[in-house]
Amino acid sequence: MNRLFGGGKNKANSGSATNLQVQKSRQIESLRKVGAIEILRDVEYRVIVPHNSGTNLTIQITLPPQFPGEKPTLTIQPAVNHPWVDAQMKVVGCSSLNNFSMHSDLGQTVHSVLDEFQKSPPVIVPQHYILGFNRPTISQTAALPPQAPGIPSFPGHHPPPYPNSQPPVMPPPSFPGNQMSAVPPPLPPRRPPMPASEPVTDSSSTFAVPNILKEFPMLNDLKIFELQELAENEDGIHEMVQKVPDLINFIQKREDLSSTCVQLAQSNLLMKPRIESLKNDVIEKKYELGSLKADFEQHCQKHMKLSEQYHPSNIQTNLKVAVMEADEESENIAEKFLEKDIDVDEFMKKFMEKRTLCYLRRAKEEKLNHIALSQGHRY
């Protein structure tokens with residue numbers, strides 16, 4: 001029949017996904033087996049890792065566009081200290097990740113990272129290290145000098161082993177590219193005590209305790225029994241103290257501060273309705289954000305499905321399948337004609353219709369393939 005009418009069946013593989021898509025689906029399926037959560041389909045996944053400090057670690061797996069031809073990127077949050085993690089919080093010490101290829105198992109790779117974190121738990125970097133100091137390594141963390149009693153410890157730090165003796169002097173660790181120590185700078189030394197002859201100044205106020213003999217010179221002329229009588233006369237002492245200029249100034253400033261505090265409290269109460277209104281606006285915006293986020297995720301999923309459905313490779317595959325179907329239907333019509341199941345008129349009408357549809361679809365497929373090659377794409 002093929003010799004008579006010039007038709008032939010297309011033996012090309014049709015309808016099946018490309019090898020890259022099959023490998024990618026297999027890798028993502030293995031990733032789900034280790035408990036990965038899908039954040040963005042075929043792009044970003046996350047694995048939650050419990051930590052003994054109470055703060056869970058998050059391993060973010062980012063798949064590049066050419067995955068699995070290119071290796072994925074594993075990032076740790078929050079910042080930690082671990083031999084497998086670099087300064088950008090990327091996993092660089094896993095051999096299976098560094099040697100990742102299309103035939104590797106991504107789930108096994110992530111599982112090896114989880115096993116390493118279980119054997120050697122990473123140390124979460126305190127916030128003040130991230131903000132102002134370089135990140136120490138584990139060996140340098142173990143070499144830090146012991147803390148003084150009363151200073152809070154950080155994760156990964158042990159209390160000083162010298163409770164009753166002077167600890168050995170140890171140099172602070174240094175890090176490449178920075179001369180600052182990873183340990184916060186020590187507190188400044190205490191100020192030496194003032195001589196007894198100088199007035200003692202309270203650091204929390206601007207008033208100094210007066211010199212008694214200087215402020216009350218009449219006490220120099222009083223005898224012992226007169227001083228005893230004055231000590232027993234509380235009203236007299238109170239009257240004398242009330243005349244001290246510094247005390248008068250202190251009382252005046254205290255009243256001024258009290259009135260200022262009252263005015264601030266009243267102004268704060270006047271701002272309460274506005275604050276409540278802004279709070280309600282923030283709550284409404286939060287609910288609106290949640291609704292928009294849910295809509296956005298739904299649209300993203302719909303976009304991904306449509307992009308896969310209308311991808312040029314899928315269209316080209318569907319055209320190949322359609323060509324084969326039209327060709328097969330024309331073959332069946334020819335077989336029926338040879339077996340005299342249909343007459344000549346019906347055969348000519350149906351056969352020409354199917355062959356025209358077959359050649360039209362084949363022309364569309366070849367045109368799509370030509371456009372893809374001219375733009376530098378190969379499917």
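As a reminder, the structure under discussion sits directly above these lines.
Parameters and conventions
- Residues numbered from 1 in each chain as written.
- Predicted model: local features only at pLDDT ≥ 70, side-chain atom pairs only at ≥ 80, totals over all residues.
- Heavy atoms only, no water.
- Helix = DSSP H or I, 4+ residues; strand = E, 2+ residues; numbered from the N terminus.
- Buried < 20%, exposed > 50% of the residue type's maximum accessible area, 1.4 Å probe, protein only.
- Contact = heavy atoms within 4.5 Å.
- Areas by Shrake-Rupley, 256 points an atom, 1.4 Å probe, with all protein chains shown as cover.
- Core = buried A, V, L, I, M, F, W, Y, C linked by side-chain atoms within 4.5 Å.
- Salt bridge = Lys/Arg side-chain N within 4 Å of Asp/Glu carboxyl O.
- Expected span 1.5 Å × (residues − 1).
- Polar contact = N/O pair within 3.5 Å; in protein donor to acceptor, adjacent residues only side chain to side chain.
- Patch = residues over 30% accessible without salt bridge, like charges linked within 9 Å, V, L, I, M, F, W, Y side chains within 5 Å.
- Pairing = 2+ DSSP bridges.
- Axes fitted to C-alpha atoms, helices over the stretch in contact; angles between N-to-C directions.

**Student:** Got a sec to walk through the overall build of the protein? Specific residues and values, please.
**Tutor:** In terms of helices and strands, the protein carries 13 helices and six strands. The buried share of the protein, taken over its 379 residues, is 23%. Contacts in the protein between residues at least 24 apart in sequence constitute 56% of all its contacts with a sequence separation of at least 6. Here the protein has roughly 27,400 Å² of accessible surface; of this, 57% comes from carbon and sulfur atoms.

**Student:** Talk me through the nonpolar core; I want residue IDs and the actual numbers.
**Tutor:** Ile59, Ile61, Leu74, Leu106, Val110 and Val113 are the most contacted members of the largest nonpolar core, which totals 29 residues. Residue assignment for this core shows that the elements contributing at least two residues are α2 (19-32), β2 (44-49), β3 (57-62), β4 (73-77) and α4 (106-119). The element best represented in this core is α4, accounting for five residues. The next biggest cluster of nonpolar side chains, apart from the first, holds five residues, and it includes Ile333, Ala334, Phe347 and Phe351.

**Student:** Give a description of the pattern of salt bridges that names residues and reports values.
**Tutor:** Tallied over the entire structure, the rule returns seven salt bridges. A salt bridge links arginine 41 to glutamate 308; its shortest N-O distance comes to 3.8 Å. On the criterion of sequence distance, the pair formed by arginine 41 in the loop between β1 (37-40) and β2 and glutamate 308 in helix α11 (residues 272-309) is long-range, its members being 267 residues apart. For glutamate 308, a relative accessible area of 31% gives the class partly exposed.

**Student:** How would you summarise helix α13 (residues 344-374) if you had to cite specific residues and measurements?
**Tutor:** Spanning 31 residues, α13 covers 44 Å between terminal C-alpha atoms, matching the ideal 45 Å at 1.5 Å per step. Burial in α13 covers these residues: Phe347, Phe351, Arg355, Cys358, Glu365 and Ala372. Here α13 starts with a cap whose side-chain oxygen sits 3.0 Å from the backbone nitrogen of glutamate 346, and that cap is aspartate 343. Just downstream of α13, glycine 376 is the residue with a positive phi angle, here 85 degrees.

**Student:** Explain a nonpolar patch on the surface to me, and be specific about the residues and the numbers.
**Tutor:** A contiguous nonpolar surface patch, about 390 Å² in accessible area, is contributed by Ile37, Ile39, Leu40, Val43 and Ile48. No other element matches the three residues that β1 contributes to the nonpolar patch. With respect to the helices, strands and loops of the structure, valine 43 is situated in the loop between β1 and β2.

**Student:** Please set out the sheet that holds β2 residue by residue, giving values where relevant.
**Tutor:** The strand order across the open sheet formed by four strands is β1-β2-β3-β4, and the pairing between neighbours is antiparallel. Strand pairing shows two members of the sheet lacking a second neighbour, β1 and β4, which therefore form its edges. Neighbour to neighbour, the strand axes of the sheet diverge by 25 degrees on average, direction disregarded. Direction of pairing for β1 relative to β2: antiparallel, over a ladder of three bridges. Looking at β2, one finds that leucine 40 is bridged to glutamate 44.

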